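Chain and residue survey
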Amino acid sequence: MPKLGMEPIRKAALVNATITEIGRSGSLDVTVSQIARRAGMSSALAHHYFGSKEQIFLAAMRHVLTLYGAEVRGALAAADGNRARVVGIVRASFSSANFRREVIGAWLNFYVLAQTQADAARLLAVYQRRLASNLVHALRPLVGARARPVADGLGALIDGVYIREALNPRTPDGARAAQVVLDYLARELEGAAAPGQTQRPQR
């Protein structure tokens, strides 16, 4: 294989190694050498491709968000109706690809880094805006003017479940985590039902 073709392969290896190392350590206190060693290359090559540990981590989170975005789009395309769209977004948030130990650990550190690093803060804001936009669009026909606060509640619960799971030693259970959020959704939709009507919770 030509050497030029190795760059995307090596970058992908570094991204995956970063998610694994930071996720397993539970902090950003890992070195470029550790990441490069796991990826099977030198730290000099890692610096050449990304420049710094923070840039490698941001590339890793962009990768995580790209995969998450693809799952959300797939869920929305397959959904039949607005309630199913909201449920699809929630379940995509806790899919086996997204809700695994290494990715959960990476998310926890991403929240922390966004408090002090401008690029991380911007990337987090993009994720939050897209999540809110998708939720509000699907919720508006269901709860009307309450779409924004309900979307905010769902977003806060999704983030909160990730943070709580990062501190839990057990194996992540995406179905159970999604149900916590879906139970909140069911209560909100029941509250929005007309008098004498009850919307059946979707599980």
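Predicted model only: the values in this text are computed from it and were never measured. (Residues numbered from 1 in each chain as written. Predicted model: local features only at pLDDT ≥ 70, side-chain atom pairs only at ≥ 80, totals over all residues. Heavy atoms only, no water.)

This paragraph deals with the overall build of the protein chain. Looking only at helices and strands, the protein chain features nine helices and zero strands. In the protein chain, the succession of helices and strands from N to C terminus is α-α-α-α-α-α-α-α-α. Its C-alpha atoms put the protein chain at 65 × 35 × 30 Å along the principal axes. Within the protein chain, the proportion of its 203 residues that are buried is 45%. Contacts in the protein chain between residues at least 24 apart in sequence constitute 68% of all its contacts with a sequence separation of at least 6. Accessible surface, the protein chain: about 10,500 Å² in total, of which carbon and sulfur atoms supply 53%. (Helix = DSSP H or I, 4+ residues; strand = E, 2+ residues; numbered from the N terminus. Buried < 20%, exposed > 50% of the residue type's maximum accessible area, 1.4 Å probe, protein only. Contact = heavy atoms within 4.5 Å. Areas by Shrake-Rupley, 256 points an atom, 1.4 Å probe, with all protein chains shown as cover.)

This structure, assessed with the given rule, holds eight aromatic pairs. Geometrically, the ring pair formed by F99 and Y162 is edge-to-face, given 5.1 Å between the ring centres and 80° between the ring planes. One end of the pair, F99, is in the loop between α5 (82-93) and α6 (101-113); the other, Y162, is in helix α8 (residues 147-166), with 63 residues separating them in the sequence. For Y162, a relative accessible area of 6% gives the class buried. Judged by centre distance (4.9 Å) and plane angle (55°), the rings of W107 and Y127 are tilted. Of this pair, W107 sits in helix α6 while Y127 is found in helix α7 (residues 118-143), placing the two residues 20 residues apart along the sequence. There is no split in this pair, since W107 and Y127 are both buried. Each member of the aromatic cluster is reached from another via a ring pair, and the members are Y68, F94, F99, W107, F110, Y111, Y127 and Y162. One Lys or Arg, K11, reaches over the ring of F50 and ends 6.0 Å from the middle of that ring. (Phe/Tyr/Trp six-rings, centres within 6.5 Å; stacked < 30°, edge-to-face > 60°. Lys NZ or Arg CZ within 6 Å of the ring centre and 35° of its normal.)

This part takes up the pattern of salt bridges. In this structure the tally under the stated criterion is nine salt bridges. Ionic pairing is found between E102 and R100, a salt bridge with its closest N-O pair at 3.8 Å. The class for E102 is buried, based on a relative accessible area of 16%. Of the residues examined, R100 reaches a relative accessible area of 34% and is grouped as partly exposed. With a closest N to O distance of 2.2 Å, R146 and E188 form a salt bridge. On the criterion of sequence distance, the pair formed by R146 in the loop between α7 and α8 and E188 in helix α9 (residues 174-192) is long-range, its members being 42 residues apart. Classification of R146 by relative accessible area gives partly exposed; the value is 36%. Members of the salt-bridge network, linked through shared partners, are R101, E165 and R170. (Salt bridge = Lys/Arg side-chain N within 4 Å of Asp/Glu carboxyl O.)

Attention shifts here to the packing of helix α1 (residues 6-25) against helix α4 (residues 53-78). Direction vectors running N to C along α1 and α4 enclose 95°, while the axes themselves pass 9 Å from each other. Taken together, the axes of α1 and α4 are roughly perpendicular relative to one another. For the pair α1 and α4, contact is made by L14, V15, N16, T18, I19 and I22 and by I56, F57, A59, A60, H63 and V64, respectively. By residue class, the composition of the contact of α1 with α4 is nine nonpolar, three polar and no charged. (Axes fitted to C-alpha atoms, helices over the stretch in contact; angles between N-to-C directions. Parallel < 35°, antiparallel > 145°, perpendicular 65-115°, else oblique. Nonpolar A, V, L, I, M, F, W, Y, C, P; charged D, E, K, R; others polar.)

Note on placement: R24 falls in helix α1. Overall, the relative accessible area of 56% leaves R24 in the exposed class. Separated by 81 residues in sequence, R24 and G105 have C-alpha atoms that sit 7.0 Å apart. Those residues in contact with R24 that sit more than four places away from it in its chain are R38 and E102.

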